[in-house]
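Overview (structure and organization)
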Amino acid sequence: MAKQKIVIKVTMPNAKSRARAMELAAKASGVGSIGITGDLKDRLEVVGEGIDITCLVHCLRRKLCCHAEILQVEEVKDKKPEPEKKTEEPKPCPCPGQCRCAAVGYCHAPLPMVLCEDDPPAGSCCVM
């Protein structure tokens with residue numbers, strides 16, 4: 001059997017009657033989940049497999065002494081599993097020589113430091 005979603009409009013004026021309606025629906029065979037929906041909180045949404053809809057509505061009418069009518073019955077399709085997100089591969093570190101970036105958790109690319117004297121003759125600057 002296929003999973004189905006049933007929406008039943010039920011007269012539920014207060015929280016106590018909503019709780020009682022959910023309790024009755026939970027006792028029905030094949031029910032997987034229950035919820036109260038609608039702007040006026042007057043709709044009982046039941047999802048499950050092999051639910052006897054007419055028996056459920058009749059039980060709600062009899063036990064709650066209220067009006068109950070079926071609004072919608074539809075087949076629920078299972079969601080397809082989402083493809084796994086690819087993790088980005090770490091970029092190679094621009095540090096020259098042996099690097100400790102992976103151990104620290106971030107990569108630093110040190111800029112070369114240039115030291116010059118006040119009036120340097122050509123070619124006397126040192127790059128460290």
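Just so you know, the residues in each chain are numbered from 1, in the order the chain's sequence is written. In keeping with the model being predicted, local features are shown solely for residues with a pLDDT of at least 70 and side-chain atom pairs are shown and tallied solely at 80 or more, while totals for entire chains, interfaces and linings include all residues. Side-chain measures were taken over the full set of non-hydrogen atoms in the model, leaving aside hydrogen atoms and water.

The protein appears in an unreviewed UniProt entry as HMA domain-containing protein from Panicum hallii var. hallii.

Describing unusual backbone geometry
Phi is positive for Lys-41, close to 55°, though the residue is something other than glycine. One can find Lys-41 in the loop between β2 (31-37) and β3 (43-49). Residue Lys-41 is classed as partly exposed on the basis of its relative accessible area, which comes to 46%. For Cys-65, which is not glycine, the phi dihedral falls at a positive 50°. For each residue, the accessible area found with a 1.4 Å probe, counting protein chains only, is set against the maximum for its type, and the residue is called buried under 20%, exposed over 50%, and partly exposed in between. By relative accessible area, which is 69% here, Cys-65 ends up exposed. Secondary structure is summarised from DSSP: a helix means a run of H or I of at least four residues, a strand means a run of E of at least two, and numbering begins at the N terminus for each.

Things to note about the environment of Lys-63
For Lys-63, the position within the fold is in helix α2 (residues 53-64). Along the sequence, Lys-63 and Leu-24 sit 39 residues apart, while their C-alpha atoms lie 8.3 Å from each other.

Let's talk about the side chain of Gln-4
Turning to its location among the elements, Gln-4 is positioned in strand β1 (residues 3-10). Overall, Gln-4 belongs to the buried group, its relative accessible area being 17%. Working rule for contacts: check all heavy atoms of both residues, and any pair within 4.5 Å makes them a contact. In this view, Gln-4 contacts Val-46, Val-47, Gly-48, Gly-50, Ile-51, Ile-53, Val-73, Glu-74, Glu-75 and Val-76; residues no more than four positions away in its chain are not counted.

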